[in-house]
Amino acid sequence: MIAKILINTSVNTLNKVYDYKVPDFLVPQVQIGKRVSVSFGRGKNLEEGIIVKLEEDYEPQKYKLKEISDILDDVSYIDEKRLKLAKYIAYVYFCNVYDALKLMLPPGTKSKNSSKSLDTKKDKKVVLIKSSDEIMQDIESNVVKSAKQIQLLSFLMYTDNVLMSDIIEGLSISRSVINTAKKNGYIDIVEVEKENDFLKDLDVKRTKALKPTEEQKYVIDGISKYIYDEEYKQCLIHGVTGSGKTEVYLQLIERVLDQGRKAIVLVPEISLTYQTVERFVSRFGNSIAILHSKMTIAKRKDEYKRIKTGKVNIVIGARSAIFAPIDNIGLVIIDEEHDSSYYSQTKPKYSTKDIAAYICKEANAVLVLGSATPEISTYNKAINGNVELFEMKKRAANAKLPEIEIVDLRDDRIMGNTSNISLKLKAAIEENIKNKEQTILFLNKRGYNSYLTCKQCGYVFNCPNCDVAMTYHKSNNLLLCHYCSHVERKFDICPKCGASEISSYNLGTEKLEEELKELFPTISVLRMDADTTVARDSQQKILDEFKNNNVDVLIGTQMISKGHDMPNVTLVGIIGTDALLAMNDFSASERAFSNIFQVSGRAGRSTKSGRVLIQTSDTENYIIKAVENNSYIDFFEKEIEYRKTFGYPPFIDILLFEVSGSNLQDVKIDAEKLYNILNYDNQNEYRVFSPKSPYIQKLNNRFRVNVMIKAKLNTKIYSKVYDKIKIYNTKKKNGTILSVTKNPSFI
Ligand code: ADP
Ligand code: ZN
């Protein structure tokens, strides 16, 4: 038997398949989609590959074929359909087919050795037994030297509840590194029980479908038509927060299941909480699989197996769950479709909505997008008829929409109040506390991290690997880079001028908490941000505590603006507004609007009416005006006009090519090469912009330079660009990597 094998290689354009002989002893296991190891080229090392086709022996053999050395998978997750999908992704996002196939393999299938070596039943926990202080001292005085040891220990300083398998597969740190850390007295390894089964242990009462409101009925009936006809269709549900979109999803899924077909539900990573899952489990029982990046890798692998064996009817997960090995799909739902987490930030930089559309089209399935603030390009498609539009304007369950007030911060400055909390907001919080009702204060993360500078010379403590300031974490006196996880101890002396006046620009949630406690010393406050939620289930714990213990105030970043139902929250204060308005890439307004609008929707979701105070110095801004009028359409109309005038998506397509590598000179040379190749013989079909460094040029010790194309893309122009990239790939240097974003939400 002959197997055609696609080799996993970093060499671009090497999408060729090679013939290998299947030795007799492997014939019983051989199957399309299984990974194999084979010797390839002149190298002695074995390479990984995937079987893409099987054929009978051809006789007589012209030359002697090499044999497959080993088969690495017990189960195949790749079939003909997925191979086709991978080819599509490779074409649209300019990557290797193998890179695309990797998206469809179970998580943690990284190297040849790891997939078989881990027992998913018995895992071990790794716990730190020395303090951060002692560890930092040892790192600074070179007692701990190896990079892997430092990586392991710094990871543990910031993360609780770490499993051995997370470290080995997630961080690519070997067992021997862990053992060394244990031998040297830094960590302990403890046995843990098999991870609780999220679904089995979820003790939920079964619920029945609610009687739909009039609006819900019209949406359910409208979309069901396509489900019953098994017709491919994209639908957008534009429904205000609390309009009962989730109930609509549930009833649509019911219809798909009745037909014997299956469903995928995608939600933004941070809203994949217990409550979300519970609503689905209580309706459909446990034929549901959950895929979440905070689940252990072993657990996610188990879920993949369950899905593959056909025991699962509904997959709920974040972005990558669109690749779950589920067959017979009738419906894909993308909730909060405007969320930026649906765009992958690593190569291939795919758009989940595009992939979902492709999958639904192939399967004659329905794609449902839902949001209170749809992406501009989605809504534009909807009003032009390419996507069917369903509007839900009222809140279900009689809840009223919140009252929105704009607080002009310039008034506070005149009154001499420079705090983050305006006088109006202060009064509102006071009243809320008196009424025993809860308050959420929302602070945009951007521009509000705390970092260290020298008061004398202005030196900023940047990460040595990235072009960004490290964030200062007061609780353990450490500086952390949020991009590459580099950790350092806080300095007391400026390395540049020697002064000892190091001060922290602490404008973040911690500072806000301090200010709040100064104003109201006796109230209870919880904080939820990247700093307090590293551990696997901490986000859920904070929300539970807030809700169950009726904590007065919750302070948080974006992550609190998503989907949780909190009936006693009647006041929302939005604090970082001006920083949001100040961003300047083409989709910044869209993100600012949806952020502010979504978080406003947190207030008054039940019978109690809600109040939202938005603090800003730019009260006339069209984004603020639209939020004040509670009108998505106001915003959309202004924004689409702007995009048209200045030539941005959806009127013009952008392809952003990023050349990256560890050597800046090489990166620059290659970017220039790419620019020239793209420009050559360009009959005004597109516009190429000269190479430009992004805002953060160095990230994780890799330099990046962008080359951008703007065009009205059609098949002809696209294939011309594609061919040029093929040429570029044969001319580029070995050390650089090219990745491509289509209509990036960020430039
Ligand atoms: P969305 O997903 O649009 O934000 P939800 O589906 O979470 O809205 O619904 C908001 C609230 O209204 C929830 O508490 C939900 O239980 C309730 N609700 C939704 N539909 C109905 C209905 N048909 N009858 C009664 N209550 C409903
Ligand atoms: Zn860094």
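Residues numbered from 1 in each chain as written. Chains lettered and ligands numbered in written order. Predicted model: local features only at pLDDT ≥ 70, side-chain atom pairs only at ≥ 80, totals over all residues. Heavy atoms only, no water.

What to know about helix α22 (residues 664-679)
Here α22 is 16 residues long and its end C-alpha atoms lie 22 Å apart, about the 22 Å a rise of 1.5 Å per residue gives. Looking only at α22, the buried set comprises V667, D670, A671, L674, Y675, I677 and L678. Angularly, the buried residues of α22 cover 165° about the axis, an arc narrow enough to put them on a single face. Lining the buried residues of α22 we find β27 (653-661), β28 (686-692), β30 (702-711), α23 (715-731) and β31 (737-742). For α22, the N-terminal capping position is held by N663, with its side-chain oxygen 2.8 Å away from the main-chain nitrogen of Q665. (Helix = DSSP H or I, 4+ residues; strand = E, 2+ residues; numbered from the N terminus. Expected span 1.5 Å × (residues − 1). Buried < 20%, exposed > 50% of the residue type's maximum accessible area, 1.4 Å probe, protein only. Arc of directions from axis to C-beta. Contact = heavy atoms within 4.5 Å. Polar contact = N/O pair within 3.5 Å; in protein donor to acceptor, adjacent residues only side chain to side chain.)

A short note on the sheet that holds strand β26 (residues 611-616)
Spatially, β16-β26-β25-β17-β24-β23 is the arrangement adopted by the 6 strands of the open sheet, whose pairing is parallel. The outermost strands of the open sheet, each flanked by one partner alone, are β16 (403-408) and β23 (525-528). Averaged over all pairs of adjacent strands, the angle between strand axes in this sheet comes to 20°, irrespective of strand direction. Pairing of strand β17 (residues 438-442) with strand β25 (residues 569-574) involves 5 bridges; the strand directions are parallel. Among the inter-strand pairings, I440 is bridged to a residue of β25, identified as V572. In the packing of helix α15 (residues 423-434) onto the sheet, contacts are made with β16, β17, β24 (553-556), β25 and β26, and the angle to β26 comes to roughly 155°. Contacting β16, β17, β25 and β26, helix α19 (residues 588-600) crosses the sheet at an angle of about 155° to β25. (Pairing = 2+ DSSP bridges. Axes fitted to C-alpha atoms, helices over the stretch in contact; angles between N-to-C directions.)

Things to note about the pairing of β30
Counting buried positions over the 10 residues of β30 gives 9, a clear majority of the element. Pairing between β27 and β30: 9 bridges, direction antiparallel. Of the residues in β30, the one forming a bridge with E658 is N706. In this structure, β28 lies alongside β30, joined through 5 bridges in antiparallel fashion. Paired with R687 across the two strands is K710, which belongs to β30. Pairing of strand β29 (residues 698-699) with β30 involves 2 bridges; the strand directions are antiparallel. By the bridge assignment for β30, L699 is matched with R702. Remark: 2 residues form the turn of the hairpin made by β29 and β30, two consecutive strands paired antiparallel; N700 in that turn has positive phi of roughly 55°.

Remarks on the site of ligand 1
In the vicinity of ligand 1, 18 residues are found, and the nearest of them are K211, Q216, K245, T246 and R279. At 2.9 Å from a nitrogen atom of ligand 1 is found a main-chain nitrogen or oxygen belonging to K211. Q216 is positioned with one of its side-chain polar atoms (N or O) 2.8 Å from a nitrogen atom of ligand 1. For ligand 1, whose unbound accessible area comes to 560 Å², protein coverage reaches 77%. With 3 residues, helix α9 (residues 245-258) is the single largest residue contributor to the shell around ligand 1. When the residues that make up the shell around ligand 1 are grouped by side-chain class, the tally is 5 nonpolar, 7 polar and 6 charged. (Near = heavy atom within 4 Å. Areas by Shrake-Rupley, 256 points an atom, 1.4 Å probe, with all protein chains shown as cover. Nonpolar A, V, L, I, M, F, W, Y, C, P; charged D, E, K, R; others polar.)

A short note on the confidence of the model for the protein chain
Overall, the predicted model of the protein chain reaches an average pLDDT of 85, with 88% of residues at or above 70. pLDDT under 50 marks residues 111-120. Its contacts with residues more than four places away, or in other chains, come to 22 contacts. (pLDDT = per-residue confidence, 0-100.)

Comments concerning unusual backbone geometry
Omega for the bond connecting K347 with P348 falls within 30 degrees of zero, at -5°, which places this linkage in the cis form. When you line up the elements, P348 lands in the loop between β13 (329-335) and α12 (352-363). Following P649, the chain continues to P650 via a peptide bond in cis, the omega torsion being 10°. For P650, the location among the structural elements is in the loop between α21 (632-646) and β27. The backbone of F94 shows a phi angle near 50°, a positive value even though the residue is not glycine. Structurally, F94 can be placed in the loop between α1 (80-92) and α2 (97-102). By relative accessible area, which is 6% here, F94 ends up buried.

A few points about the pattern of salt bridges
Tallied over the full model, the rule gives 30 salt bridges. Between D670 and K673 there is a salt bridge, with its nearest N and O atoms 3.0 Å apart. Residue D670 and its partner K673 are both found in helix α22; the two are separated by 3 residues, about one turn of the helix. A residue is classified by how much of its surface remains accessible, and K673, at 23% relative accessible area, is partly exposed. With a shortest N-O distance of 2.7 Å, E685 and K720 are connected by a salt bridge. One end of the pair, E685, is in the loop between α22 and β28; the other, K720, is in helix α23, with 35 residues separating them in the sequence. Note on accessibility: E685 and K720 belong to one class, buried. Overlapping salt bridges bring together K4, D19, K53 and E55 as one network. (Salt bridge = Lys/Arg side-chain N within 4 Å of Asp/Glu carboxyl O.)

Section: a nonpolar patch on the surface
Residues V127, I129 and V190 make up a contiguous nonpolar surface patch of about 210 Å² in total accessible area. Here V127 lies in strand β6 (residues 123-128). Taking relative accessible area as the criterion, V127 reaches 31% and is therefore assigned partly exposed. (Patch = residues over 30% accessible without salt bridge, like charges linked within 9 Å, V, L, I, M, F, W, Y side chains within 5 Å.)

A closer look at the packing of α22 against α23
Contact geometry for α22 and α23: axes closest at 10 Å, N-to-C directions at 145°. Crossing handedness for the pair α22 and α23: right-handed. Packed against α22, whose contacting residues are D670, K673, L674, I677 and L678, the element α23 presents V721, K724, I725, I727, Y728 and K731 at the interface. Within the contact of α22 with α23, the residues separate by chemical class into 7 nonpolar, no polar and 4 charged. (Left-handed = near helix turned anticlockwise from the far one by under 90°.)

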